[in-house]
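Breakdown of the fold
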Amino acid sequence: MLGCLDPRVRLGAVLAFILALLSIQGLPDLFIAVLLSLALVPLAGQPMVAIGHRLLHVEGFMLVLFLLLPFSTPGETVFSIGSFSASKEGLLHACVIALKANASVIAVFALLGSMEPARLGYAMAGLGFPYKLVHLFLFTVRYMGVFRGEMERLLEAMRARAFVPSSTWHTWRAYGNLAGMILIRSLDRAERIEEAMRCRAFNGRYSLAADGRLTWRDAVCVSVTAGVVAGLIGAGHFL
């Protein structure tokens with residue numbers, strides 16, 4: 001269902017939702033925001049298992065947050081471990097950050113997870129993002145696979161020379177040389193690409209035309225997003 005929406009609307013909805021999250025601090029409001037973002041996953045046709053795998057990476061950072069913030073934030077002591085005391089304010093702050101991060105990641109996955117990177121770049125241009133940022137994003141998406149292929153060829157050449165990784169200085173020197181060779185080849189490839197584009201009359205700007213006119217579905221999505229964002233911000237100010 002959400003896949004039928006214009007990419008500009010989907011990107012704008014994500015940005016508006018994240019900006020609304022930044023303005024609220026109450027735990028009940030943030031729980032509601034997480035539930036709203038979870039409701040978007042089935043509407044986007046995304047499997048819940050996939051979002052679970054994506055969230056595993058986020059929860060690793062959140063675990064570090066819960067281990068550090070309660071013991072580094074001054075306030076009312078909740079419990080102590082040896083000479084370290086965990087504060088109530090630190091725990092609440094960690095919960096707020098964790099809920100905001102999870103709600104944002106789920107919303108991004110639901111609305112943008114199935115979108116092709118090139119269409120996302122065009123949506124960024126349609127919303128008025130700086131052209132340099134859009135071009136950088138499109139170039140990065142386009143040539144990540146090229147540089148990954150270069151790295152795989154270098155690793156294959158190392159294995160052909162009987163390289164076996166281990167915890168030795170020789171291994172670390174080999175990986176350092178690998179990083180240096182990838183950097184040199186990347187710069188060399190970038191220069192060749194720039195010359196090829198100039199030969200094709202590239203003047204520094206893509207033709208970043210929008211996908212087309214907005215439909216009634218897009219209008220409904222904009223209205224619903226505006227209502228949700230206004231509700232979250234209003235609840236955050238009055239509760």
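We now turn to the structure provided with this report.

Cut-offs and rules
- Within each chain, residues carry numbers counting from 1 in the order of the written sequence.
- Residues qualify for local features only when their pLDDT is at least 70, as the model is predicted, and side-chain atom pairs are given and counted only at 80 or more; totals for whole chains, interfaces and linings, by contrast, use all residues.
- The side-chain quantities take in all heavy atoms of the structure and omit both hydrogens and water.
- Secondary structure is summarised from DSSP: a helix means a run of H or I of at least four residues, a strand means a run of E of at least two, and numbering begins at the N terminus for each.
- The classification of residues rests on relative accessible area computed with a 1.4 Å probe and restricted to protein chains. Under 20% of the type maximum is buried, over 50% is exposed, and intermediate values are partly exposed.
- For our purposes a nonpolar core is just a set of buried Ala, Val, Leu, Ile, Met, Phe, Trp, Tyr and Cys residues, chained together by side-chain atoms within 4.5 Å.
- A contact between two residues is defined here by any heavy atoms of the two lying within 4.5 Å.

Some thoughts on unusual backbone geometry
In this structure, A162 takes a positive phi of about 65° despite not being glycine. As for its position among the elements, A162 is in the loop between α6 (131-160) and α7 (169-199). Residue classification places A162 among the exposed residues on the basis of a relative accessible area of 63%.

A few points about the nonpolar core
Ranked by internal contacts, the top residues of the largest apolar core, which has 13 residues, are F17, L21, L30, A33, A103 and L232. Mapped by element, the contributors of at least two residues to this core are α1 (7-22), α2 (27-43), α4 (88-112) and α8 (216-238). Among residues more than four places away in sequence, those in contact with A103 are F17, L21, A33, V34 and S37. Core analysis: the second largest hydrophobic core is formed by twelve residues, L11, V14, A123 and M124 among them.

Points about helix α5 (residues 117-126)
Here α5 has its buried residues at L120, G121, A123, M124 and A125. Where the residues of α5 are buried, they touch α1, α4 and α6. Positioned one or two residues after α5, G128 has a phi angle of 90°, which is positive.

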